[in-house]
Amino acid sequence: MEQGQTKRILTFLIEGFVGLILILAPIRWADQRGLFDNGSDENSVERWASLRQYQDRIPVDVLILGNSHAYTGLSPEWLSAATDMTCFVLGFRGTDVTDHYWVLREALLHVKPQLVLVETTGIGFREEADNLFIERMSLVNQLLAFHARQDELLKAESLPELFELEDFLIAWSPTVMNHHLWWTEPEKVRENIYSAEPYNPTFKRCYFGGYSRFSSGVEDTTLVAYRELGGVLRGGEQYVSEAHANEVRRVVDLGREVGFNVGFFTLPMHEEFLVESEARSAFLREVY
């Protein structure tokens, strides 16, 4: 290869590298400042921030993983008082057992639980998506949960398991994901720009990761729907895919390796939410 040609190739590579840095550096800065944060994942951020505060201060005896069924169905304050053990709910809306496994990996950097409980609604969750709307909502929920995590190495390791290749960039950068706020919610972007610091929750009390959105019982209209339509999930159809069965085994194996017990439980939204529960339990027992 002639010297001139080598120089041109080298120049091209250097210019490409510098150009990439000029693109990525502002995006990274915007991510760190939260310039395109629309506030939709503040509850997820609060849960992680609270868990990190427990490190080397208060032992977390029971760590509860799951999706919204876990954090809307359990009161960690009541559970802690009833068991005389510190119970922490680390659940994230619309996530499945693959995410639960990686959340557990990151949580173990901060706490050393005696018992890890996994709410089972997320086992088989991803495979149940049968239309584009559900699939996109599942993706949005997974993105919000992923953005709330902080350990860069574990996030990089989990990225191929949680997202398709075309979603890698929006998963890694909230700025890329929410850049549409420039024209849809410019006032929110201006608010973020002029704020001194990105959202950083501080706690004046003991916070166990609770976030119960229900302040009353099931509405009458919902009860009517249950009576007329029956349960939302049929246990005989809630099989466990091999992919999710492997994730369950990874959680159990991690417990054996690190030294904590693992348990699984189901929290229906209503007593009639899940019908044919014995069939569902049989599917789950086959996994481990």
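It should be noted that the structure appears before, not after, this text.
Please read all numbers here as calculations on a predicted model, not as lab measurements.

Novice: Describe the overall build of the protein, naming the residues involved and giving the relevant values.
Specialist: Regarding its fold elements, the protein presents 14 helices and 6 strands. The proportion of buried residues among the 288 residues of the protein is 42%. Excluding contacts between residues fewer than 6 apart, the proportion of contacts in the protein whose partners are at least 24 apart in sequence is 82%. Here the protein has roughly 16,600 Å² of accessible surface; of this, 57% comes from carbon and sulfur atoms.

Novice: Could you give me a rundown of the nonpolar core, with the residues and numbers involved?
Specialist: Core analysis: the largest hydrophobic core is formed by 33 residues, its most contacted members being Trp 48, Leu 51, Leu 63, Leu 65, Leu 90, Leu 104 and Phe 163. Excluding residues that lie within four positions of it along the chain, Leu 65 makes contacts with Ala 70, Leu 90, His 100, Val 103, Leu 104, Val 116, Leu 117, Val 118 and Glu 119. In terms of nonpolar packing, the next biggest core, distinct from the first, is built from 9 residues, Ile 64, Leu 79, Cys 87 and Val 89 among them.

Novice: Any chance you could break down the packing of aromatic side chains for me, citing the residues and the numbers?
Specialist: Considering all chains together, one arrives at 4 aromatic pairs under this definition. Arranged with centres 6.0 Å apart and planes meeting at 20 degrees, the rings of Trp 48 and Phe 92 form a pair that is stacked. Of the two residues, Trp 48 sits in helix H2 (residues 42–54) while Phe 92 sits in the loop between strand S2 (87–91) and helix H5 (97–107), which places them 44 residues apart along the sequence. Assessed through its relative accessible area of 0%, Trp 48 is described here as buried. Plain terms: the ring middles of Phe 146 and Phe 163 are 5.2 Å apart, the flat faces sit at 85 degrees to each other, and that makes the pair edge-to-face. Here the residue Phe 146 occupies a position in helix H6 (residues 132–148), and Phe 163 occupies one in the loop between helix H7 (152–162) and helix H8 (168–172), the gap between them amounting to 17 residues. Phe 163 shares its class with Phe 146; the two are buried. It is Arg 250 that lies over the ring of Tyr 101; its NZ or CZ is 4.0 Å from the centre.

Novice: Explain the pattern of salt bridges to me, using residue names and the numbers behind them.
Specialist: The tally for this structure, following the rule as stated, stands at 6 salt bridges. Note that Glu 157 is salt-bridged to Arg 105, the shortest N-O span being 3.5 Å. Note that Glu 157 is positioned in helix H7 and Arg 105 in helix H5, a separation of 52 residues in sequence. Look at Arg 105 and you get partly exposed, because its relative accessible area is 22%. The partner of Glu 106 in a salt bridge is Arg 149, and the shortest N-O contact between them spans 3.0 Å. Placement of Glu 106 in helix H5 and of Arg 149 in the loop between H6 and H7 is noted, with a sequence separation of 43 residues between them. Taking the relative accessible area as the measure of exposure, Glu 106 reaches 1% and is therefore buried.

Definitions and cut-offs
Within every chain, residues take consecutive numbers counted from 1 along the sequence as written. Owing to the predicted nature of the model, reporting of local features is limited to residues with pLDDT of at least 70; listing and counting of side-chain atom pairs is limited to 80 or more, with chain, interface and lining totals taken over all residues. Think of the side-chain values as coming from all heavy atoms in the structure, minus any hydrogens and water. Only DSSP runs of H or I reaching four residues or more are called helices, and only runs of E reaching two or more are called strands; each is numbered from the N terminus. Remark: exposure states derive from per-residue accessible area (1.4 Å probe, protein chains only) relative to the maximum for the residue type, with buried under 20%, exposed over 50%, and partly exposed in between. Throughout, a residue-residue contact means that at least one pair of heavy atoms, one from each residue, lies within 4.5 Å. The accessible surface values rely on the Shrake-Rupley method and a 1.4 Å probe; as for residues, cover is taken only from the protein chains in view. The set of buried Ala, Val, Leu, Ile, Met, Phe, Trp, Tyr and Cys residues whose side-chain atoms join them within 4.5 Å is what this entry labels a nonpolar core. Within 6.5 Å between ring centres, the rings of Phe, Tyr and Trp (the latter by its six-membered ring) count as paired, and their orientation is classed by plane angle as stacked under 30 degrees, edge-to-face over 60, tilted in between. Each ring is checked for a lysine NZ or an arginine CZ that lies within 6 Å of its centre and within 35 degrees of its normal; such an atom marks a charge sitting over the ring. Throughout this description, the term salt bridge denotes a Lys or Arg side-chain nitrogen within 4 Å of a carboxyl oxygen of Asp or Glu.

Keep in mind these values describe shape, not function.
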